[in-house]
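# Results of the structural survey
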Amino acid sequence: MKSRKFFSKLKEESYDVSIFDLMNAKVYLEKDMTYLPQDYKKGYIEDFFTFFPEVLKEIKNKTEEEIEDFEIEDEEIKRVELRLCSMGSKQTGRESYEKLVKTVINYLIFINERPLHALTTRFPGGKQIIEKNGNYYCPIKNAQSNELSICEFCICKDLNEL
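Residues numbered from 1 in each chain as written. Predicted model: local features only at pLDDT ≥ 70, side-chain atom pairs only at ≥ 80, totals over all residues. Heavy atoms only, no water.

A word on the overall build of the protein. Across its full length, the protein carries 5 helices and 3 strands. Along the protein, helices and strands appear, N-terminal first, in the series α-α-α-α-α-β-β-β. In terms of overall size, the protein behaves like a compact globule, its C-alpha atoms giving a radius of gyration of 16 Å where 162 residues would be expected to give roughly 15 Å. Oriented by its inertia axes, the alpha-carbon framework of the protein measures out at about 45 × 40 × 25 Å. Taken across its 162 residues, the protein has 42% of its residues classed as buried. In the structure as shown, the protein presents an accessible area of about 9300 Å², 50% of it carried by carbon and sulfur atoms. Separation of charge centres in the protein, based on 25 positive and 30 negative side chains, amounts to 3 Å. (Helix = DSSP H or I, 4+ residues; strand = E, 2+ residues; numbered from the N terminus. Rg over C-alpha atoms; globule rule 2.2 N^0.38 Å. Buried < 20%, exposed > 50% of the residue type's maximum accessible area, 1.4 Å probe, protein only. Areas by Shrake-Rupley, 256 points an atom, 1.4 Å probe, with all protein chains shown as cover. Lys, Arg positive; Asp, Glu negative; His and termini not counted. Charge placed at Lys NZ, Arg CZ, Asp CG, Glu CD.)

Structure below.
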């Protein structure tokens, strides 16, 4: 699929994410992160719900003409979709969360090529993503590379490569 066509689809989807979806997604994520340390959970949720709405706004404000037109493998799009659908628990609010995440993550991976987390996100141990000379380095890139994460699709390199 051509990137402009895919972006057009994502832009359409971005208008389907309502304020109620954002609220439901937040409740969902708070419940899904129940057993994480409170300070980590609070910071992660704050970063998530600052970053993702900003990216949604960016998608809505961007035009198709601003997007470089290149081919995106349909199989890669499907792989990301399947991975996103397999993440997290299946509780109330899941649909709103998925709607938000699918739109934003697909944009970050395939169109904008930016990290999937805000640069302000603090990971366990207090580390965060570092940007240096146009490259991004993540402290959990290799630690989270498994069939339950989306790290393999992220533009970030492992922090140890810095």
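A few words now on the sheet that holds strand S3 (residues 157–158). Strand order in the open sheet made by the 3 strands is S1-S2-S3, with mixed pairing throughout. Since the sheet does not close on itself, it has two edges, and those belong to strand S1 (130–132) and S3, each with one partner. Pairing geometry for S1 and strand S2 (residues 135–138), over 3 bridges, is antiparallel. Within the sheet, the bridge partner assigned to Ile 130 lies in S2 and is Tyr 137. (Pairing = 2+ DSSP bridges.)

Quick look at the confidence of the model for the protein now. Detail in the predicted coordinates should be disregarded across regions flagged by low pLDDT. On average, residues of the protein carry a pLDDT of 92, and 98% of them reach 70 or more. Confidence, read as mean pLDDT per element, is least for helix H4 (residues 74–86) in the protein (92) and greatest for helix H1 (residues 3–14) (98). (pLDDT = per-residue confidence, 0-100.)

Quick look at a nonpolar patch on the surface now. On the surface, Ile 19, Phe 20 and Met 23 cluster together into a nonpolar patch covering about 340 Å² of accessible area. Residue class for Phe 20 comes out exposed when judged on its relative accessible area of 55%. (Patch = residues over 30% accessible without salt bridge, like charges linked within 9 Å, V, L, I, M, F, W, Y side chains within 5 Å. Salt bridge = Lys/Arg side-chain N within 4 Å of Asp/Glu carboxyl O.)

Hairpin connection, S1 to S2: the antiparallel pair is bridged by 2 residues, and Asn 133 has positive phi, about 55°. Relative to S3, S2 runs parallel, the two being bridged by 2 bridges. Residue Cys 138 lies in a different strand from S3, and its bridge partner there is Asp 158.

What follows concerns the domain arrangement of the protein. Here the protein is described as being made up of domain 1 (3–114) and domain 2 (117–161). For domain 1 and domain 2, the distance between their C-alpha centres works out to 17 Å. Contacts between the two partners involve 15 residues from domain 1, matched on the other side by 15 residues from domain 2. At the boundary of domain 1 with domain 2, total buried surface from both sides reaches about 1400 Å², with 64% on carbon and sulfur atoms. Taken together, the connections running from domain 1 to domain 2 amount to 2 salt bridges. Summed over the shared surface of domain 1 and domain 2, the result is 5 residue pairs in polar contact (both at pLDDT 80 or more). (Domains from an automatic or database assignment. Contact = heavy atoms within 4.5 Å. Buried area = accessible area lost by both parts, 1.4 Å probe. Polar contact = N/O pair within 3.5 Å; in protein donor to acceptor, adjacent residues only side chain to side chain.)

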